[in-house]
Amino acid sequence: MQNKGKYYLTTAIAYTSGKPHIGNTYEAILADAIVRYKRADGYDVHFQTGSDEHGQKIESRAIEAGCDSPKEFVDQVSGVIKDIWNKVGTSYDRFIRTTDDDHVKQVQKIFKKFYDQGDIYKGSYKGKYCTECEAFYTDSQLKDGKCPVCGGDVHESEEEAYFFKMSNYTQKLIDYINEHPEFIQPESRKNEMMNNFLLPGVQDLCVSRTSFKWGIPVDFDDKHVVYVWLDALANYITGIGYDVDGNSSEEFKKYWPADLHLIGKDILRFHTIYWPIFLMALGLPMPKQIFGHPWLLQGGEKMSKSKGNVIYADDLVDLFGVDAVRYFVLHEMPFDNDGTITWELMVERFNSDLANTLGNLVSRTIAMSNKYFDGVVEDKGANEPVDDDLKSVVTGTYKVVEEKMDELRVADSLTEIFNLFKRCNKYIDETEPWVLAKDDSKKDRLATVLYNLTESIMIGVSLLAPFMPETATKTAENFNTQLRSFDSLSSFGAYPNGNKVSAEPVMLFARKDMETVLKQTAEITEKQKNEFFESQEKAAVNLDKAGRTQDADKIRDNLKKLRGDAGSSDEEAIDIEPKAEIAYDDFAAMQFQVGEVIKCEAVPKSKKLLCSQIKVGSKTLQIVSGIHKYYEPEDMVGKKVMVLVNLKPAKLAGVTSEGMILCAEDAEGNLSLMVPEKKMPSGAEIC
RNA sequence: CGCGGGGUAGAGCAAUCCGGAAGCUCGUCGGGCUCAUAACCCGGAGGUUGCAGGUUCAAAUCCUGUCCCCGCUACCA
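Residues numbered from 1 in each chain as written. Chains lettered and ligands numbered in written order. Predicted model: local features only at pLDDT ≥ 70, side-chain atom pairs only at ≥ 80, totals over all residues. Heavy atoms only, no water.

This part covers the overall build of chain A. Scanning chain A for helices and strands turns up 22 helices and 27 strands. Here chain A holds 687 residues, and 50% of them are scored as buried. For chain A, the proportion of contacts with a sequence separation of at least 24, taken over those separated by at least 6, is 73%. (Helix = DSSP H or I, 4+ residues; strand = E, 2+ residues; numbered from the N terminus. Buried < 20%, exposed > 50% of the residue type's maximum accessible area, 1.4 Å probe, protein only. Contact = heavy atoms within 4.5 Å.)

So this is what it looks like as structure tokens:
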């Protein structure tokens, strides 16, 4: 096989805040399929993946998990990630961790270099600071002027921080992107980045933090730790031996620039704006392509633990086997739309594509060789015109797949390969071997047909190997031969004449019964939910121990809500955060009256707001309220509601609001209008 | 008129950039076959491409308007 040059591919490194679900795992599988394909196609491949282990969130999670140190926590989670990656067969060359010594040292050097050359400057970060949460919030994040997280007081504060001067490089980056249309893929994403971020101007990025400790320390100013994204992005070069001082490894010189950064569409911004700019500042060449892949959704929704709809790769593998899982995620994922996974879909695909089309094909072919020729496969040269079409489909598949793979159309490639197998099934029908078997004079023809089938399947599974390595190998073993190299797939007839197939072939995929599987998955879901609740309870206890009682209470509140959702049907009373005691005068200062809604319409540019005209006595007030989710304008008209009438007018979404309609709110945030229990005239005082 | 994605057969998707007989997989119905894992092969039914206009010889595709769904956003007084 000729050497086609080097190919360096990376995935995003997985954030170690918890166990990755199948949507996260998809990226590793996709990367692995591409990489195995490239290797088989003659490239010198380097494949890097890993885990992203710093940051405040991880610091908190470590406490919640009851770990003595963040490092203990990330060691554990990184291990889980690595196990899952291994379980789905990821053939990475390096699994980098951002806590690895070589990475840490280089990130510090990179930071220093940026500072020395003037790309990073020391400035200050101004904003509202919550001491309780040790965090800054922007004005828009505040809730009623209080901290949105803990509800405590915030004060104007200033903290020193390092900033990266983005404006030094933005024009250069815009030019680069315009000159390299293939740089950001799929292309629709390119426009999004340009219009939303680059063209309006990129703000200087705050690249250090002092509010927490779990990060790479800035070595010349150790109050600060390096911003996690600068830390994380650098892995792509540190992992192959980049050295700021010019002593980079041979590996780095060989593989950089990366041929492909494979990432989720949600983090495209960091990879197409900040990362290229960091590279420019280091004087390094740009990666060739950044591909933002879509998401795998569970039944149309994002997976989340609290929704209880998470599907994990290891559960899938236990139920269906590695290759079935790989097949599913690779095949079901469209090129630039989000894909869907459900247990039902998984079973359907498994049965129809894997068991019926492929598994059964291999099984019936081998069975016939054993039955009619005692396992010996031999081309007797008894060709007929029907063979030609089969052969042309089979020998043409490699070229079609190659074209698809060049565009990273992995799902389409798989479809092409399975079309080959379908063609084989049809060939059996066309040639009717069982009829030939009854006629002694057709023995050579029968042998030839079985040879053609065997050869076709071997070409097919050789192409399939990058996507489903285990299946390809098993099939080759069943036929008692080796997988082919890609450069031999366009010619027919390499299966050794007279070779004997296995007398007892391994079944590739046994059909699954839907009901049985659904029963199993229900158990898994139930178990997951309980584990989640348990871990949350433990987290609350651990937070208490660490003195973060408010966070602990938040988790408990949340749990209560979720448990309510989960179905205990008896109505629960709810507790809310108590407010400070007030004097009677404070109460008397508020004027409440009954108002009648005489007109109501939705606020045009808003989803949640309704604008009502409310008659209170002889006056009419215009009041905007965020209740559209629960009430339609026509439901409102004619209702007598409770109104706070002496509230200072304010503008909401550009519309003036002169008061407040009072509602009761339950734990899920559902609203109910407060209405008088007996008939009351408009304007009646509520006291 | 906040940003973005989407609405095509019962389900999941393709074709949309660059107009040219609406296609694929699953399911369903009918037929064939018996080598094989209730499998495989053939055929049928099922769509006014969200809705309404416009451009054109020709519109899923281009233009205008409109309705719904999903993310993000926050303005839920």
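Now for the packing of aromatic side chains. The full count for this structure, using the stated rule, is 29 aromatic pairs. For the pair Phe111 and Tyr162, a centre-to-centre distance of 5.6 Å together with 85° between the ring planes defines the contact as edge-to-face. Of this pair, Phe111 sits in helix α4 (residues 101-116) while Tyr162 sits in strand β7 (residues 155-164), and the two are 51 residues apart along the sequence. There is no split in this pair, since Phe111 and Tyr162 are both buried. Across the ring face of Tyr312, the terminal group of Lys19 is positioned such that the distance to the ring centre comes to 4.3 Å. Over the face of the ring belonging to Phe270 we find Arg269, whose NZ or CZ atom lies 5.1 Å from the ring centre. (Phe/Tyr/Trp six-rings, centres within 6.5 Å; stacked < 30°, edge-to-face > 60°. Lys NZ or Arg CZ within 6 Å of the ring centre and 35° of its normal.)

With that out of the way, let us pick up the nonpolar core. Membership of the largest hydrophobic core comes to 102 residues, with the highest contact counts inside it found for Phe320 and Phe467. In terms of nonpolar packing, the next biggest core, distinct from the first, is built from 56 residues, Tyr162, Trp256, Phe278 and Leu284 among them. (Core = buried A, V, L, I, M, F, W, Y, C linked by side-chain atoms within 4.5 Å.)

Okay, a nonpolar patch on the surface next. Where nonpolar side chains cluster on the molecular surface, the patch consists of Ile582, Tyr584, Phe587 and Met590 and spans about 420 Å² of accessible area. By the secondary structure assignment, Ile582 is in the loop between α20 (549-565) and α21 (584-588). (Patch = residues over 30% accessible without salt bridge, like charges linked within 9 Å, V, L, I, M, F, W, Y side chains within 5 Å. Areas by Shrake-Rupley, 256 points an atom, 1.4 Å probe, with all protein chains shown as cover. Salt bridge = Lys/Arg side-chain N within 4 Å of Asp/Glu carboxyl O.)

Following the sequence through the fold, Lys6 ends up in strand β1 (residues 6-11). Side-chain polar atoms of Lys6 contact the backbone oxygen of Tyr255, separated by 2.8 Å. Side-chain polar atoms of Lys6 contact the backbone oxygen of Pro257, separated by 2.5 Å. For Lys6, the residues in contact, after removing those within four places along its chain, are Tyr43, Asp44, Lys254, Tyr255, Trp256, Pro257, Ala258, Asp259 and Lys288. (Polar contact = N/O pair within 3.5 Å; in protein donor to acceptor, adjacent residues only side chain to side chain.)

Going from Trp256 to Pro257, the amide bond is cis rather than trans, its omega being 5°. Inspection of the secondary structure puts Pro257 in the loop between α9 (250-255) and β12 (260-264). Even without glycine at this site, Asn480 takes up a positive phi of about 60°. By secondary structure assignment, the location of Asn480 is in the loop between α18 (469-478) and β17 (499-500).

Take the pairing of strand β3 (residues 44-52) next. Of all nine residues in β3, eight are buried, a share of seventy percent or more. Direction of pairing for β1 relative to β3: parallel, over a ladder of five bridges. The residue of β3 that forms the bridge with Thr10 is Gln48. Across two bridges, strand β2 (residues 14-15) lies against β3 in parallel orientation. Looking at the pairing, Ala14 lines up with Ser51 of β3. Looking at chain direction, β3 and strand β4 (residues 94-97) are connected through four bridges and run parallel. Considered in β4, the bridge of Thr49 is made with Phe95. (Pairing = 2+ DSSP bridges.)

So, about the packing of helix α13 (residues 343-373) against helix α17 (residues 443-464). Running from amino to carboxyl end, α13 crosses α17 at an angle of 145°, the nearest separation of the two axes being 10 Å. Between α13 and α17 lies a crossing of left-handed hand. Contact with α13, carried on its side by Leu358, Leu361, Val362, Thr365, Met368, Ser369, Tyr372 and Phe373, involves Lys443, Leu446, Ala447, Leu450, Leu453, Thr454, Ile457 and Leu464 of α17 and no other residues of that element. Looking at side-chain class alone, the contact of α13 with α17 contains 12 nonpolar, three polar and one charged residues. (Axes fitted to C-alpha atoms, helices over the stretch in contact; angles between N-to-C directions. Left-handed = near helix turned anticlockwise from the far one by under 90°. Nonpolar A, V, L, I, M, F, W, Y, C, P; charged D, E, K, R; others polar.)

This next bit is on the pairing of strand β18 (residues 592-602). Note that β18 and strand β21 (residues 640-644) share five bridges and pair antiparallel. If you follow Gly595 over to β21, its bridge partner there is Val641.

The subject of this paragraph is the pattern of salt bridges. A full pass over the atoms with the stated rule returns 33 salt bridges. The partner of Asp439 in a salt bridge is Lys442, and the shortest N-O contact between them spans 3.7 Å. For Asp439, a relative accessible area of 30% translates into the label partly exposed. Linked through salt bridges whose partners overlap, the residues forming this network are Glu53, Lys71, Asp75 and Arg97.

Here the focus is the packing of helix α1 (residues 22-40) against helix α14 (residues 385-406). Viewed as axis vectors pointing N to C, α1 and α14 meet at an angle of 130°, and their least axial separation amounts to 12 Å. Overall, the two elements α1 and α14 adopt an arrangement that is oblique. As for the relative orientation of α1 and α14, their crossing is left-handed in sense. Together, Ile34, Tyr37 and Lys38 of α1 and Tyr398, Val401, Glu402, Met405 and Asp406 of α14 make up the contact between the two elements. Across the contact of α1 with α14, the residue classes break down as five nonpolar, no polar and three charged. (Parallel < 35°, antiparallel > 145°, perpendicular 65-115°, else oblique.)

Here the focus is the environment of Leu173. Take Leu173: it is sitting in helix α5 (residues 170-179). For Leu173, a relative accessible area of 0% corresponds to the buried category. Sequence separation of Leu173 and Thr272 is 99 residues, and the distance between their C-alpha atoms is 9.1 Å. The contacts of Leu173, once residues within four sequence positions are left out, are Leu198, Thr272, Ile273, Pro276, Ile277 and Met280.

As a further point, take helix α12 (residues 322-332). Count 3.6 residues to each turn of an α-helix, and residues three or four apart come out pointing the same way. With 11 of its 11 residues buried, α12 lies for the most part within the structure. Along α12, the residues that are buried comprise Val322, Asp323, Ala324, Val325, Arg326, Tyr327, Phe328, Val329, Leu330, His331 and Glu332.

The subject of this paragraph is α4. Given a rise of 1.5 Å per residue, 16 residues ought to cover 22 Å, and the 23 Å separating the end C-alpha atoms of α4 matches this to within 8%. Among the residues of α4, His103, Val104, Gln106, Val107, Gln108, Ile110, Phe111 and Phe114 are the ones counted as buried. Following α4 by one or two positions, Gly118 adopts a phi angle in the positive range, close to 90°. (Expected span 1.5 Å × (residues − 1).)

Next up on the list: the confidence of the model for chain A. With 85% of its residues at a pLDDT of at least 70, chain A reaches an overall mean of 84. Note that residues 565-571 has pLDDT below 50 and, in this model, two contacts with residues that lie over four places away or in other chains. Taken over the whole predicted complex, pTM reads 0.81, whereas the ipTM for its chain interfaces reads 0.86. (pLDDT = per-residue confidence, 0-100.)

Another aspect to go through is the side chain of Thr25. With respect to the helices and strands, the residue Thr25 is situated in helix α1. Accessibility expressed as a relative area gives 0% for Thr25, which makes it buried. Ignoring any residue separated from it by four or fewer positions in sequence, one finds Thr25 in contact with Pro20, Ile84, Trp85, Val88 and Ala313.

Once that is clear, we can look at the environment of His293. In this fold, His293 is placed in strand β13 (residues 290-293). For the pair His293 and Asn178, spaced 115 residues apart in sequence, the C-alpha separation works out to 21 Å. Excluding anything up to four places from it in sequence, His293 contacts Tyr26, Glu27, Leu30, Leu262, Ile263, Gly264 and Lys265. Only 2.7 Å separates the side chain of His293 from the side chain of Glu27, close enough to count as a polar contact.

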